[in-house]
Amino acid sequence: MTVKTRFAPSPTGYLHIGGVRTALFSWAYARKHKGEFLLRIEDTDLARSTAESVNIILDGMNWIGLHYDNADNVVYQTRRFDRYKEVIAQLLESGHAYHCYCSKEELEAMREQAEKEGTATYDRRWRPEAGKSLPPIPEGVEPVVRFKTPLDGATAWHDLVKGDISIPNEALDDLIIARADGTPTYNFCVVVDDYDMGVTHVIRGDDHVNNTPKQINILKAIGAALPEYAHLPMILNEQGRKISKRSGDTVAITDFGAMGILPEAMLNYLARLGWAHGDDEFFTMEQFVEWFDLKDVSPSPSRMDLKKLYWINGEHIKITPNDQLAQLLQKRLAVRGLTDTSQPPLEDVLALVKDRAQDLNTLADECLYFYQKQTPAETDVQKHWDDEAAARMLRFADKLEGVAEWNAESIHDLFKPFCDEENIKMGKLGMPLRLAVCGTAKTPSVDEVLALIGKEEVLRRIRS
Ligand code: GLU
């Protein structure tokens, strides 16, 4: 049997990192088992499912790099209404579903009653039963279609993350599968889709645990083989509450992109939210696929840790080839007013500075002083600069001028004799030199920085 998993986001205007983690685990499970990972857009909420919010999902999936199979045949629920109608008709025909003509007022009264008694809400008054007489059909009322949930027993499954779960059927309503206007309802669409798509493993957030028994009962009624279920625990914010946009948490995948997080770092980080492979924190997606198993997913929620995300991101920046990083930085540098990065070549600059940044924005900032002297921070000036430093830098510029072969080594060779001559420690040379050339005291090894910036430009900056 080919493993088939799916990611089934509802377009809401952004791609939530919880959803991306679900997609990642579904993707990894399919890849590990040489199966298929499919995408389904649950766009039946027409008010929210604009073309734009659908595109946000597709763009997000593309950015993060979770490639789904059958990309030309992404399933959109809104294109499947005929199929849903067909299955509803079959269920009515086979006696697994029935029409219900209850009014709003009747349902409201039932709800109050059920709350008092702690039973299922709907009293099943229109459910056909042998020997039971149904109320007369009211005139002019379009009925809803309800599913005939088994009356006794329990609906149970072995959840691949949460273990055995069993829900008594008497706690389940005869749920509505088609509204009075004929449109199918959420749980019903999911069932028909999972069935038609041949999904073997439903991997999703545990906010859907309550839907699973309803879906299992419908699947049984249409004679479908049951998929395996794996419900993933929630992601909590750093304060330990469910992560949400409303609480002001960063949740949209594009916001993490704007923070300068690399997609592969995001995936690496999300993989560790609720799953572990020993103490491994930093790994590639190839390793993740090799190691991943649903049995290692924790059933309890995991907490966001932005510090760790940045650390992992820094590690991924280190292993990203410089030409690729240069490409990724173009826009960020342009925003900072830097478009010509040919001298010194950006790739050489990155080789020197990339270990110093945990996100692409900081990395972009680190590149700027190679091309243009920055305005120094007041605190740095106070700490490292005075009239003496100014005169000393001019004297050092003269030494630099004499360097025949401009490279880090020959620049370095000037340091000790100069310090001896001036009777100062290296710090009294290095820091003012950084300020004079770069405009910042925080740079990598100053000889290497100067070597890259180039002789003429270094002298020009010091002397101006
Ligand atoms: N559309 C649902 C959601 O975004 C997922 C449903 C499912 O995976 O079954 O939460």
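Because the structure is predicted, anything quoted here is derived from the model rather than measured.

Calculation rules
- Residues numbered from 1 in each chain as written.
- Predicted model: local features only at pLDDT ≥ 70, side-chain atom pairs only at ≥ 80, totals over all residues.
- Heavy atoms only, no water.
- Disulfide = S-S within 2.5 Å.
- Pairing = 2+ DSSP bridges.
- Helix = DSSP H or I, 4+ residues; strand = E, 2+ residues; numbered from the N terminus.
- Axes fitted to C-alpha atoms, helices over the stretch in contact; angles between N-to-C directions.
- Core = buried A, V, L, I, M, F, W, Y, C linked by side-chain atoms within 4.5 Å.
- Buried < 20%, exposed > 50% of the residue type's maximum accessible area, 1.4 Å probe, protein only.
- Contact = heavy atoms within 4.5 Å.
- UniProt positions renumbered as here; feature names shortened; annotations may be inferred.
- Phe/Tyr/Trp six-rings, centres within 6.5 Å; stacked < 30°, edge-to-face > 60°.
- Expected span 1.5 Å × (residues − 1).
- Bend = angle between axes of the 7 residues up to and from the residue.
- Parallel < 35°, antiparallel > 145°, perpendicular 65-115°, else oblique.
- Nonpolar A, V, L, I, M, F, W, Y, C, P; charged D, E, K, R; others polar.

Student: Teacher, can you tell me more about the state of the cysteines here?
Tutor: Covalent bonding between the sulfur atoms of two cysteines defines a disulfide. Applying the stated criterion to the full structure yields zero disulfides. Considering cysteine sulfurs only, Cys-102 is the nearest to Cys-100, which forms no disulfide, with 3.8 Å between them. Considering cysteine sulfurs only, Cys-438 is the nearest to Cys-367, which forms no disulfide, with 12 Å between them.

Student: For this particular structure, what's the right way to read the sheet that holds strand 4 (residues 97-100)?
Tutor: Adjacent strands of a sheet form backbone hydrogen bonds with each other and so pair up, either parallel or antiparallel. One open sheet holds the three strands; their spatial order is 4-5-8, and the pairing between them is antiparallel. The outermost strands of the open sheet, each flanked by one partner alone, are strand 4 and strand 8 (176-178). Between one strand and the next, the sheet's axes are offset by a mean angle of 45 degrees, whatever the strand orientation. Bridge analysis of strand 5 (residues 144-147) against strand 8 gives two bridges, and the strand direction is antiparallel. By the bridge assignment, Val-145 is partnered in strand 8 with Ala-178.

Student: What am I meant to see in the nonpolar core here?
Tutor: For soluble globular proteins, the rule of thumb is that nonpolar side chains tend to be buried together. Leu-24, Phe-288, Phe-370 and Leu-400 are the most contacted members of the largest nonpolar core, which totals 101 residues. Among the elements that line this core, the one with the most residues is helix 1 (residues 17-32), at nine residues. Residues within four places of Phe-370 in sequence aside, it is in contact with Pro-344, Val-349, Leu-352, Val-353, Val-449, Leu-452, Ile-453 and Arg-461. Of all hydrophobic cores here, the second largest spans 29 residues; its members include Ile-88, Met-197, Val-209 and Ile-218.

Student: Mind showing me how you'd approach the UniProt feature "binding site: ATP" (unreviewed entry) in the protein here?
Tutor: UniProt marks Lys-245 with the feature "binding site: ATP" (unreviewed entry), using the numbering shown here. Here Lys-245 lies in the loop between strand 11 (235-236) and helix 7 (253-258).

Student: Please clarify how the environment of Phe-37 should be interpreted in this entry.
Tutor: Secondary-structure assignment places Phe-37 in strand 2 (residues 36-41). In this structure the C-alpha to C-alpha distance between Phe-37 and Val-199, which are 162 residues apart in sequence, comes to 9.2 Å.

Student: Just to check I follow, could you spell out the packing of aromatic side chains for this structure?
Tutor: Each aromatic ring pair is specified by the distance between its two centres and by the angle formed by the two planes. If you walk through the whole model with that rule in mind, you get 14 aromatic pairs. The interplanar angle of 45 degrees and the centroid separation of 6.1 Å between the aromatic rings of Phe-25 and Phe-288 together place this pair among those described as tilted. Of this pair, Phe-25 sits in helix 1 while Phe-288 sits in helix 9 (residues 285-291), and the two are 263 residues apart along the sequence. Judged by its relative accessible area of 0%, Phe-288 falls in the buried class. With 5.0 Å between their ring centres and 45 degrees between their planes, Phe-25 and Phe-292 make a pair best called tilted. Of this pair, Phe-25 sits in helix 1 while Phe-292 sits in the loop between helix 9 and strand 12 (302-303), placing them 267 residues apart in sequence.

Student: Could you clarify how one ought to interpret helix 6 (residues 211-221) in this entry?
Tutor: Residue pairs three or four apart in sequence face the same way in an α-helix, which turns once every 3.6 residues. By the criterion of burial, helix 6 is predominantly enclosed, with nine of the eleven residues buried. Within the span of helix 6, buried status applies to Asn-211, Thr-212, Pro-213, Gln-215, Ile-216, Asn-217, Ile-218, Leu-219 and Ala-221. Once helix 6 ends, the next one or two residues include Gly-223, with phi positive near 75 degrees.

Student: Which parts of the structure should I look at to understand helix 11 (residues 322-335)?
Tutor: In this model helix 11 runs 20 Å from its N-terminal to its C-terminal C-alpha over 14 residues, within 8% of the 20 Å that 1.5 Å per residue would give. Taking the largest bend as the criterion, helix 11 deviates by roughly 45 degrees, centred on Leu-329. Looking only at helix 11, the buried set comprises Leu-325, Ala-326, Leu-329, Arg-332 and Leu-333. Lining the buried residues of helix 11 we find helix 7, helix 10 (306-319), helix 12 (346-353) and helix 13 (360-368). Gly-337, located one to two residues past helix 11, shows a positive phi value of around 85 degrees.

Student: How do you make sense of the packing of helix 1 against helix 8 (residues 263-271) when you look at a structure like this?
Tutor: For any two helices packed against each other, the geometry is given by the interaxial angle and the distance between the axes. Where helix 1 contacts helix 8, the axes come no closer than 10 Å and their chain directions differ by 80 degrees. Relative to helix 8, the element helix 1 is oriented roughly perpendicular. Residues Ile-17, Val-20, Arg-21, Leu-24 and Phe-25 of helix 1 form the contact with helix 8, whose own contacting residues are Met-266, Leu-267, Leu-270 and Ala-271. Of the residues contributing to the contact of helix 1 with helix 8, the split by class is eight nonpolar, no polar and one charged.

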